[in-house]
Amino acid sequence: MNKEIIYLDNAASAPVNPSALAAAVELFGSVGNPSSVHTEGRKAALAIKRAREQCAAAIGAEPSEIIFTSGGTESDNMAVKCAAYSGKKRHIVTTAIEHAAVLNSCKALSGFEISYVPPDENGFVSAEKIKKAVRTDTALVSVMAANNEIGTFQPIAEIGEFCCNREIPFHTDAVQAIGNIPINVREIKADLLSCSAHKIGGIPGCGFLYARNGLKLVPLIDGGGQEYGLRSGTENAPAIAAMGIAIENNCKNIPQKSAKISQMRDRLIDRLKKIPDSILLGSQNNRLCGNVCFSFAGISGESLVLNLDLMGVRASSGSACISNTGGYSHVLRALNLPEKWISGSLRLSISEHNTPEEIEKAASAVEKAVDLLRSAY
Ligand code: PLP
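For the structure given in this document, a descriptive report is provided here. (Residues numbered from 1 in each chain as written. Predicted model: local features only at pLDDT ≥ 70, side-chain atom pairs only at ≥ 80, totals over all residues. Heavy atoms only, no water.)

## Some points on the overall build of the protein
In step 1: A tally of helices and strands in the protein yields 12 helices and 12 strands.
In step 2: Taking 21 Å as the expected radius of gyration for a compact globule of 377 residues, we find that the protein reaches 21 Å, a close match to that expectation.
In step 3: Dimensions of the protein along its principal axes, counting C-alpha atoms only, are 65 × 50 × 35 Å.
In step 4: When the 377 residues of the protein are sorted by exposure, 57% land in the buried category.
In step 5: Contacts in the protein between residues far apart in sequence, at least 24 positions, make up 70% of those at least 6 positions apart.
In step 6: Within the structure as shown, the protein displays about 15,900 Å² of accessible surface, and the carbon and sulfur contribution to it stands at 53%. (Helix = DSSP H or I, 4+ residues; strand = E, 2+ residues; numbered from the N terminus. Rg over C-alpha atoms; globule rule 2.2 N^0.38 Å. Buried < 20%, exposed > 50% of the residue type's maximum accessible area, 1.4 Å probe, protein only. Contact = heavy atoms within 4.5 Å. Areas by Shrake-Rupley, 256 points an atom, 1.4 Å probe, with all protein chains shown as cover.)

## A look at the sheet that holds strand 9 (residues 278-280)
In step 1: One open sheet holds the three strands; their spatial order is 9-10-12, and the pairing between them is antiparallel. The open sheet has two edge strands, strand 9 and strand 12 (345-349), and neither has a second partner. Pairwise comparison of adjacent strand axes, ignoring direction, gives a mean angle of 25 degrees for this sheet.
In step 2: In this structure, strand 9 lies alongside strand 10 (residues 291-296), joined through three bridges in antiparallel fashion. Bridge assignment links Ile279 to a residue of strand 10, and that residue is Ser295. (Pairing = 2+ DSSP bridges. Axes fitted to C-alpha atoms, helices over the stretch in contact; angles between N-to-C directions.)

## Side note on the nonpolar core
In step 1: By size, the foremost hydrophobic cluster in this structure holds 66 residues, and its most contacted members are Val141, Leu193 and Phe208.
In step 2: Those residues in contact with Phe208, other than ones at most four positions away along the chain, are Cys55, Ile59, Ile66, Ile67, Phe68, Thr69, Ser75, Leu193, Ser194, Cys195, Met243 and Ile247.
In step 3: If you look at the next biggest cluster of nonpolar residues, it comprises 30 residues, including Phe294, Leu346, Ala365 and Val370. (Core = buried A, V, L, I, M, F, W, Y, C linked by side-chain atoms within 4.5 Å.)

## Section: the packing of helix 3 (residues 72-84) against helix 4 (residues 100-108)
In step 1: The interhelical angle for the contact between helix 3 and helix 4, taken along N-to-C directions, is 40 degrees, at an axis separation of 9 Å. Crossing angle aside, the handedness with which helix 3 passes helix 4 is right-handed. Residue-level contacts link Thr73, Asp76, Asn77, Val80 and Lys81 of helix 3 to Ala101, Val102, Ser105, Cys106 and Ala108 of helix 4.
In step 2: Along the lines of polarity and charge, the residues of the contact of helix 3 with helix 4 split into five nonpolar, three polar and two charged. (Left-handed = near helix turned anticlockwise from the far one by under 90°. Nonpolar A, V, L, I, M, F, W, Y, C, P; charged D, E, K, R; others polar.)

## Some remarks on the site of the ligand
In step 1: Not every one of the 13 residues close to the ligand is listed here, only the nearest: Thr73, Asp173, Gln176, Ser196 and Lys199.
In step 2: Between the ligand and the protein, one listed contact pairs an oxygen atom with a backbone N or O atom of Gly72 at 2.8 Å.
In step 3: Within the side chain of His198, an N or O atom sits 2.9 Å from an oxygen atom of the ligand.
In step 4: Burial of the ligand by the protein chains amounts to 88% of its free accessible area of 390 Å².
In step 5: Per-element tally for the shell around the ligand: the top contributor is helix 3, with three residues. (Near = heavy atom within 4 Å. Polar contact = N/O pair within 3.5 Å; in protein donor to acceptor, adjacent residues only side chain to side chain.)

## Quick look at the packing of aromatic side chains
In step 1: One pass over the structure, following the stated rule, counts two aromatic pairs.
In step 2: When the ring of Tyr85 is compared with that of Phe112, the centres are 5.7 Å apart and the planes differ by 80 degrees; the resulting orientation is edge-to-face. Linking Tyr85 in the loop between helix 3 and strand 3 (91-95) with Phe112 in the loop between helix 4 and strand 4 (113-117), this pair joins segments that are 27 residues apart in sequence.
In step 3: Residue Phe112 is classed as buried on the basis of its relative accessible area of 13%.
In step 4: Each ring, one from Phe294 and one from Phe296, has its centre 5.9 Å from the other, and the planes form 15 degrees; the classification is stacked. Judged on exposure class, the residue Phe294 and its partner Phe296 are both buried. (Phe/Tyr/Trp six-rings, centres within 6.5 Å; stacked < 30°, edge-to-face > 60°.)

## A look at a nonpolar patch on the surface
In step 1: Among the surface-exposed residues, Val16, Leu21 and Val25 lie close enough to one another that they form a single nonpolar patch of about 230 Å² accessible area.
In step 2: Structurally, the position occupied by Val25 is in helix 1 (residues 18-28).
In step 3: The class for Val25 is exposed, based on a relative accessible area of 51%. (Patch = residues over 30% accessible without salt bridge, like charges linked within 9 Å, V, L, I, M, F, W, Y side chains within 5 Å. Salt bridge = Lys/Arg side-chain N within 4 Å of Asp/Glu carboxyl O.)

## Regarding the layout of surface pockets
In step 1: What the largest pocket holds in volume is close to 510 Å³.
In step 2: Of all elements in the fold, only helix 7 (237-250) and helix 8 (254-273) reach the threshold of two or more residues within the lining of the largest pocket.
In step 3: A per-element tally of the lining of the largest pocket places helix 7 first, with three residues.
In step 4: By residue class, the composition of the lining of the largest pocket is 12 nonpolar, 14 polar and four charged. (1 Å grid on protein atoms, 1.4 Å probe; cavity = no way out; pocket = protein on both sides within 12 Å on 5 of 7 lines; lining within 4 Å. Points joined across faces, edges and corners; volume = space filled by probe spheres on them.)

## Let's talk about the pairing of strand 12
One face of the sheet, then the other: side chains in a regular strand alternate in exactly this way.
In step 1: Burial analysis of strand 12 places five of its five residues in the buried class, which makes it a mostly covered element.
In step 2: Neither face of strand 12 is exposed, since Ser345, Arg347 and Ser349 on one face and Leu346 and Leu348 on the opposite face are all buried.

In structure tokens, the structure reads:
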């Protein structure tokens, strides 16, 4: 990355890990379909096998429980749709602050009733409310591990335990959480978990779904029977190999890494809180170590992001996906905030590659940009 640029959009896409990239480049240079039995085919198959082991080890699963996909969106679609259509029950419990990949998968189901549990004003969904929403005909509970916009962690271990005791499949979208907190699928009693490569130092267009051995699922994509028959299609061996290396690296030394990142997050929060008419969105405690999400009254988040871009600071307003579709974030709406806080949101997401000096410069840039925009109105 250009030295002048301060990249604070790591929750949208993180920089690619150099060893992961090297592994992908090597495989791109040697054609070989992993289903072919010749030397190059076996090389690709071996790279996939190794990556399956790395992904499984990172979340405490078995390699046979990892299904490679085209990313977090596909993993969420598979979790919701494959689990929903695998039985006769027709009710799903989820939250109002899930990523669109989960919300729109639920919406697309035919003949299902969906309960959307709202968060409190700090961005937390209570496990009690999830438990109350569950019915005898609940086919799936899907609750994200950490929110992509406001960074709040959800009580997935408590929800997992509850679902396990009632034999209700439990899915968690861990796209933002992996690499930031240790996740073990046995400890949180998850039946399904989604991960995306480009959030953890891998290449975009790749991800995986963890599906507990023995869980009943119907495939979404039919074809040649790859990925245990659950996701047919020739595997993207270079991206999968890269994801294996990236997840292994990203899940090392999580406590040390997150302590370093949290310090920068808290410093940035302290500085931005001093800007008049600003609020931190989501609780400061129990939130992703790199997530800073603020709203500034009277300005548009998009204009703020564009002004910061001109100053060399890369950020997002709400979430990158929301920026594509226009309209205000469903997450901010679900927090029940007064209208003045809805349109001026700014998400700055910090990684271990950022420095305290960059954080100071970014804070000064935000102060300047907010001043500039406010004086223009
Ligand atoms: N789930 C969450 C929580 C996300 O933040 C994202 C991406 O921003 C996704 C799912 C979708 O992942 P992908 O971009 O790999 O499709």
